[in-house]
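Geometric and topological summary
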Amino acid sequence: MSSSLVFKFVAVLAALGCSNVFALPAPPEKRAGLKILMGNDDGWFEANFRAFNQKLKQDGHTVAGSAPVQNQSGRGSLELPALPLLFEEGQYGSVPKGSPAQGADPQDRSIFYVNSTPVTAIKFGLSDVCPKIFGGKPDLVVSGPNAGNNLGIVTPFSGTVGVATEAVKQGFPAIAFSADSDALSFKNSGPGDNAHVYADLASKVTKAVIASRNGQGFLPPGVSLNVNFAKPSAACPTADKYKFVLTKIYSEILDLTNLIGDALPQVCLLGKDSLKGVCGKDKLPSENSVFGKGCVVTISVMTKDKCDGSVAQQQDVLNRLKLKAQGGLLDCA
């Protein structure tokens, strides 16, 4: 039976008063990996999101998802109340009109939709989903991979980035992933396609972050990573053909006002100092300066205000992820 038919059946039961239809599932058996909460802004039925979810489970992690029922790209850190789906279906017909404001996928009850913004969805994941799925808090929050890159001055407006920075504000390590891709239902995605290449790339970064853990956690306190993937091509049809480069979000010219703050605009400092000496350079390259150079993944240290991390925070991430010459993940641009 298709997901849409299952949801229609569930909606009828809910209308008849079966209020436990969308009840949260019991916690699964414990696994050796981490407890990872996923979010995004493109919607819970998006191919990139579901492919990465499957990959993390294959990697041995216990994974929960809490994402918007519709595409909510460009919502930044906006929060709105979650409301029942009174007037439209969920993304790609995944949820029938008239469904509750939140609900689980009947074919994978660890993945939840929320009829609201990306940040509202991840907050529901942290407050409601994680205690039931994990029996407590997540070890790590990941967002995306977004359908479309979030580079430079675009970054503050991304809901995928908003998910990661919200997690950091609540004290959780987080990574925002974005990919040079178009929107696609996961029902139209399959092994070996771009969504699965992005899942493999995101898995490689996640594994490197997990392996770098020290007494202070997976990442320096108060920061997340903003990670962007170039599109697969004949030169890089698989994840093992990519270079992973430590970057800055903004160039000195484009360190502009971040218009998406909690209450007042936050300002990313003009010409903020950059880590020096990486690959013999006097500063880290900006994301945009690297991204046009083929098979690359940019990795930037990002504060909760969506600015570049400090030199000390950049150095901390470099020490954790390490250059390939030191046995690590990172390449020179």
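Shown above is the structure to which this text applies.
The rules behind the values
Residues numbered from 1 in each chain as written. Predicted model: local features only at pLDDT ≥ 70, side-chain atom pairs only at ≥ 80, totals over all residues. Heavy atoms only, no water. Buried < 20%, exposed > 50% of the residue type's maximum accessible area, 1.4 Å probe, protein only. Helix = DSSP H or I, 4+ residues; strand = E, 2+ residues; numbered from the N terminus. Pairing = 2+ DSSP bridges. Right-handed = clockwise from strand over helix to strand, strands pointing away. Axes fitted to C-alpha atoms, helices over the stretch in contact; angles between N-to-C directions. Contact = heavy atoms within 4.5 Å. Phe/Tyr/Trp six-rings, centres within 6.5 Å; stacked < 30°, edge-to-face > 60°. Lys NZ or Arg CZ within 6 Å of the ring centre and 35° of its normal. Expected span 1.5 Å × (residues − 1).

Some remarks on the pairing of strand S1 (residues 35-39)
- Within S1, four of the five residues are buried, which leaves the element mostly enclosed by the surrounding structure.
- Judged from the four bridges that link them, S1 and strand S2 (residues 62-68) form a sheet pairing that is parallel. Residue pairing for S2: Lys-35 is matched across the bridge by Thr-62.
- Assessed by its sense of winding, the connection that carries the chain from S1 through helix H2 (residues 47-58) to S2 is right-handed.

Looking at the sheet that holds strand S5 (residues 140-147)
- Overall, mixed pairing links the nine strands, which are arranged S3-S4-S2-S1-S5-S6-S7-S11-S8 in an open sheet. Each edge of the open sheet is held by one strand with a lone partner, namely strand S3 (102-105) and strand S8 (243-247). With direction set aside, neighbouring strand axes in the sheet form an average angle of 25°.
- Pairing between S3 and strand S4 (residues 108-114): four bridges, direction antiparallel. Note on S4: the bridge partner recorded for Asp-105 is Asp-108.
- Sheet strands touched by helix H3 (residues 118-133): S1, S2, S3, S4 and S5. Its angle to S2, the strand with the most contacts, is close to 145°.

Side note on the packing of aromatic side chains
- Under the definition given, this model contains seven aromatic pairs.
- On the basis of an interplanar angle of 75° and a centroid distance of 4.8 Å, the ring pair of Phe-45 and Phe-186 is categorised as edge-to-face. In this pair, Phe-45 sits in the loop between S1 and H2 while Phe-186 sits in the loop between strand S6 (174-179) and helix H5 (194-211), placing the two residues 141 residues apart along the sequence.
- Residue Phe-45 is classed as buried on the basis of its relative accessible area of 2%.
- On the basis of relative accessibility, which here comes to 16%, the residue Phe-186 falls in the buried class.
- Here the guanidinium or amino end of Arg-50 rests over the ring plane of Trp-44, the centre of that ring lying 5.2 Å away.
- Above the ring of Phe-218, the side-chain terminus of Arg-213 is found at 4.5 Å from the ring centroid.

Digging into unusual backbone geometry
- Gly-144 connects to Pro-145 through a cis peptide bond whose omega is 0°.
- Looking at the element boundaries, Pro-145 is found in strand S5.
- Of note in this structure, Tyr-92 is not a glycine but carries a positive phi near 55°.
- With respect to the element layout, Tyr-92 can be found in the loop between S2 and S3.
- Residue classification places Tyr-92 among the partly exposed residues on the basis of a relative accessible area of 42%.
- Phi is positive for Cys-279, which is not a glycine, with a value near 60°.

A short note on H2
- End to end, H2 covers 16 Å across twelve residues, agreeing with the expected 16 Å (1.5 Å per residue, within 8%).
- Within H2, nine of the twelve residues are buried, leaving the element largely enclosed by the surrounding structure.
- Within H2, burial applies to Ala-47, Asn-48, Phe-49, Arg-50, Ala-51, Phe-52, Asn-53, Lys-55 and Leu-56.
- Gly-60 sits one or two positions beyond H2 and adopts a positive phi of about 100°.

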